[in-house]
Amino acid sequence: MINQKERKEKADLFLKLHHDKEILVLLNSWDPGSSKLIEASGFKAIATTSMGISASLGYPDCEVIPFDEMVGAISRITSKVKLPVTVDFEGGFGNNTEEILKSAQRIFETGIVGINIEDSRSLDPQLLDETEFCERISAIRDLSYSLGFHLVINARTDVFLAASGSPNSRLDEAIRRGNIYKEAGADCIFVPNVWERGKISVLVKEINAPVNILVNPTNGTGLPPHIKELENMGVSRVSTGSSVMKSTLALANKIAQEMLLKVTYNALTDAVTPIEDTLLAYKMATGTDE
């Protein structure tokens, strides 16, 4: 049973974090262990990665995972942490606004206080019509109000991730869509695959809402400026997306290949030293000393 008063307080806190002078830093998690470790490390909120959750359950990204399994994964996370939780809702797990609202209702039942929702389906270069996407944002906003809390909606535009066009036209389109999504009820505008200082500065200046920048070099992009510089530029939120999960899988693969091909353990040793740090991480992720 969801404590409605507690969820409203968490939602209000999470919204406030987008308007504080200090940038909101989110290290995206994929299961209770990674979420508890993030919480114990001192972060202010938990944000999930859809790719991470899907991969942890043996599925590729882009809404291939059965929705029941996604809801189950989110429920396990919210039951283990005390921080506000925001989830990657991908395209909404539905083909129209009515279906998406049904999915949103189920996600809300896990106790989350925020979502990412994106304007592409499976990274199709043809982005959703902005009117249709705004309808989805507004409907989800109204649903959260009907349940007594302000859901923090992070509206993601995939102009730089999927859509075609020149760099300048993409920048203009991201700004245009960002402001339209804000008017429809979004609290924050997420523009992945932008890492250049100049473009980030323009986005922050021209979009009339908090802006979320992604740190995800595994997408083949460069790294944006460091966190303090992003804060000084006016960026409100920075997240890692799937990059931490991908890095974890890459390390596991490196260890596996070395053990199979070289029958040595150097990568494993490098990953877990000093041993005190490894034991601390285990304790943080499980809440035990065992």
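Structural data are supplied above this passage.
Since the model is a prediction, treat every value here as computed from it, not as a measurement.

Draft legend 1. Molecular detail of the packing of helix α6 (residues 130-146) against helix α7 (residues 167-184). The contact between α6 and α7 brings their axes to 8 Å, and the two run at 35 degrees. In this structure, α6 crosses over α7, and the sense of that crossing is right-handed. Across from E130, F133, C134, I137 and S138 in α6, the residues of α7 making contact are R176, R177, I180, Y181 and A184. Per-class residue counts for the contact of α6 with α7 are 6 nonpolar, 1 polar and 3 charged.

Draft legend 2. Structural context of the nonpolar core. Residues F89, I107, F108, I112, I115 and I140 are the most contacted members of the largest nonpolar core, which totals 70 residues. Ranked by residues supplied to this core, first place goes to helix α4 (residues 67-78) with 6 residues. Each residue touching F89, except ones within four places of it in the same chain, is listed here: E63, F67, I100, S103, A104, I107, I115, N116, I117 and I140.

Draft legend 3. Molecular detail of empty space enclosed by the protein. Inspection of every chain in the model, using the stated rule, returns 1 cavity of 30 Å³ or more. The calculated volume of the largest cavity comes to roughly 30 Å³. Looking at the largest cavity, the residues that line it are L17, D20, E22, I23, L24 and K44. Class assignment for the residues of the lining of the largest cavity results in 3 nonpolar, no polar and 3 charged.

Draft legend 4. Looking closely at the pattern of salt bridges. All told, the structure shown has 19 salt bridges when counted by the stated rule. E6 is paired through a salt bridge with K10; the nearest N and O atoms lie 3.5 Å apart. Highlighted residues: E6 and K10, both in helix α1 (residues 4-17), separated by 4 residues, approximately one helical turn. Note on E6: relative accessible area 39%, which makes it partly exposed. You can call K10 buried: its relative accessible area is 18%. Between R177 and D119 there is a salt bridge, and its shortest N-O distance comes to 3.4 Å. Of this pair, R177 sits in helix α7 while D119 sits in the loop between β4 (114-118) and α6, and the two are 58 residues apart along the sequence.

Draft legend 5. A look at the sheet that holds strand β2 (residues 46-47). Strands sit in the order β1-β8-β7-β6-β5-β4-β3-β2 across an open sheet of 8 strands; the sheet is parallel. In the strand order of this sheet, the two ends are held by β1 (24-26) and β2, each with one partner. Relative to strand β3 (residues 85-88), β2 runs parallel, the two sharing 2 bridges. Residue pairing across strands places I46 opposite V85, the latter belonging to β3.

Draft legend 6. Local environment of the side chain of E130. Within the fold, E130 resides in helix α6. Excluding anything up to four places from it in sequence, E130 contacts R176, R177, I180 and Y181.

Draft legend 7. Layout of the pairing of strand β5 (residues 152-156). Of all the 5 residues making up β5, 5 are buried; the element is thus mostly covered by neighbouring parts of the structure. Alternating positions in β5 separate into two faces, V152, N154 and R156 on one and I153 and A155 on the other, with burial throughout. Chirality of the crossover, the property in question, places the unit of β4, α6 and β5 among those that are right-handed. Note that β5 and strand β6 (residues 188-190) share 3 bridges and pair parallel. Looking at β6, one finds that N154 is bridged to C188.

Draft legend 8. Region of interest: the packing of helix α5 (residues 97-108) against α6. Relative to each other, α5 and α6 sit at 40 degrees, their axes nearing to 10 Å. Crossing hand, α5 versus α6: right-handed. Each of T97, I100, L101, A104, Q105 and F108 in α5 lies in contact with α6, whose residues at this interface are E135, R136, A139, I140, L143 and S144. Its residues assigned to classes, the contact of α5 with α6 shows 7 nonpolar, 3 polar and 2 charged.

Draft legend 9. Representation of the packing of aromatic side chains within the structure. Under the criterion given, the structure shown has 4 aromatic pairs. Both rings, one in F67 and one in F93, keep their centres 4.8 Å apart while their planes meet at 40 degrees; by these two values the pair is tilted. Of the two residues, F67 sits in helix α4 while F93 sits in the loop between β3 and α5, which places them 26 residues apart along the sequence. Looking at F67, the relative accessible area reads 16%, which means it is buried. For the ring pair F108 and F149, a centre distance of 5.6 Å and an interplane angle of 80 degrees mean the geometry is edge-to-face. Linking F108 in helix α5 with F149 in the loop between α6 and β5, this pair joins segments that are 41 residues apart in sequence. Exposure remark for F149: the relative accessible area of 2% places this residue in the buried category. Following the ring pairs from residue to residue traces out a cluster consisting of F67, F89 and F93. The side chain of R7 reaches across the aromatic face of F149, ending 4.1 Å from its centre. In this arrangement the basic side chain of R141 is found over the ring face of Y145, its NZ or CZ atom lying 5.4 Å from the centre.

How each quantity is defined
Residues numbered from 1 in each chain as written. Predicted model: local features only at pLDDT ≥ 70, side-chain atom pairs only at ≥ 80, totals over all residues. Heavy atoms only, no water. Axes fitted to C-alpha atoms, helices over the stretch in contact; angles between N-to-C directions. Helix = DSSP H or I, 4+ residues; strand = E, 2+ residues; numbered from the N terminus. Left-handed = near helix turned anticlockwise from the far one by under 90°. Contact = heavy atoms within 4.5 Å. Nonpolar A, V, L, I, M, F, W, Y, C, P; charged D, E, K, R; others polar. Core = buried A, V, L, I, M, F, W, Y, C linked by side-chain atoms within 4.5 Å. Buried < 20%, exposed > 50% of the residue type's maximum accessible area, 1.4 Å probe, protein only. 1 Å grid on protein atoms, 1.4 Å probe; cavity = no way out; pocket = protein on both sides within 12 Å on 5 of 7 lines; lining within 4 Å. Points joined across faces, edges and corners; volume = space filled by probe spheres on them. Salt bridge = Lys/Arg side-chain N within 4 Å of Asp/Glu carboxyl O. Pairing = 2+ DSSP bridges. Right-handed = clockwise from strand over helix to strand, strands pointing away. Phe/Tyr/Trp six-rings, centres within 6.5 Å; stacked < 30°, edge-to-face > 60°. Lys NZ or Arg CZ within 6 Å of the ring centre and 35° of its normal.

Such coordinate-based values are descriptive only and should not be taken to indicate function.
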